[in-house]
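Structural characterization, general
The chain contents come next:
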Amino acid sequence: MIAVAKAGYRAIAPDYRGYGLSDVPAEPEKTSFADLVADTATILASLAISKVFVIGIITLGIPYMPPEALQQLQTLPEGFYMRRWQEPGRAEADFGRFDAKTVVRKIYILFSNSEVPIAGENQEILDLVEPSAPLPSWFTEEDLETYGASYAKSGFLTALQVPYRSLLERIAPPNHDPNAPIVVAPSLFITGEQDFFFNFPGMEEYLENGIKQFLPNLEIIYIPEASHFLPEQFPAKTNQLLLDFLKRNNY
């Protein structure tokens, strides 16, 4: 936000329902991607903003992946973290053994590796991280304190519901086929080559060919050394790439 604001843009960063300082929904198990879309539209309408650049993290591939591609994830072993976290109560019991700060610590360590998180038959996902494992060098204890305090307030139920338990939800854009939500506006996807999601079935092929049918003006930039949390690992590089994109498409 600071980088784009200094460049002259108006930056707005709402906390999604159940995240950060936003209230936890009365029924977090019923939250959805559609709520995120509706909330964003409501915020923009209340501020009388008709055109925006949307900047997000991690979620680009999910709304545009066809159901058959998402179903491929179910071919991964039962211990695959997404399958475990889709199971009501499983992650809650796993996370409930630790305080929020420890859960965040373990997830950051786990997701910073290039291997797909898959637990054994008698093992939970957070058990994949040894208690003595160090934080990634770019994630400080101060960062951990801030994130841990945030999740201590909100809990993890909404984060489990969206996206993991809403993967197959289809949102119908106005005047579009919900199974073909084509976005013709220029778009940018910055990703790290060390991100474990490249080891998902069919993911590389999808990024090379599949997603372009929904985002025909998509540009993909690969950062060789980056992992799952690219914006936090390389904030200066991410900011510069975003600013370059905004300047090229400032219309």
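Cut-offs and rules
Residues numbered from 1 in each chain as written. Predicted model: local features only at pLDDT ≥ 70, side-chain atom pairs only at ≥ 80, totals over all residues. Heavy atoms only, no water. UniProt positions renumbered as here; feature names shortened; annotations may be inferred. Helix = DSSP H or I, 4+ residues; strand = E, 2+ residues; numbered from the N terminus. Buried < 20%, exposed > 50% of the residue type's maximum accessible area, 1.4 Å probe, protein only. Pairing = 2+ DSSP bridges. Right-handed = clockwise from strand over helix to strand, strands pointing away.

Taking an unreviewed UniProt entry as the reference, the protein chain is identified by name as AB hydrolase-1 domain-containing protein belonging to Centaurea solstitialis. The record held by UniProt for the protein chain lists under Sequence similarities (unreviewed entry) the comment "Belongs to the AB hydrolase superfamily. Epoxide hydrolase family."

A closer look at unusual backbone geometry
For the bond from Val 162 to Pro 163, the omega torsion is 20°, close enough to zero to count as cis. The topology assignment puts Pro 163 in the loop between helix H9 (157-161) and strand E1 (187-192). A positive phi angle, near 55°, is found at Ala 48, a position not held by glycine. Examined against the element boundaries, Ala 48 turns out to sit in the loop between helix H2 (33-46) and helix H3 (61-64).

With respect to the pairing of E1
For E1, a buried count of 6 out of 6 residues is recorded, marking the element as mostly surrounded by other parts of the structure. With 6 bridges joining them, E1 and strand E2 (residues 218-223) adopt parallel strand pairing. Counterpart to Ile 190 in the pairing with E2 is Ile 221. Taking the sense of rotation as the criterion, the β-α-β connection linking E1, helix H10 (residues 203-208) and E2 turns out right-handed.

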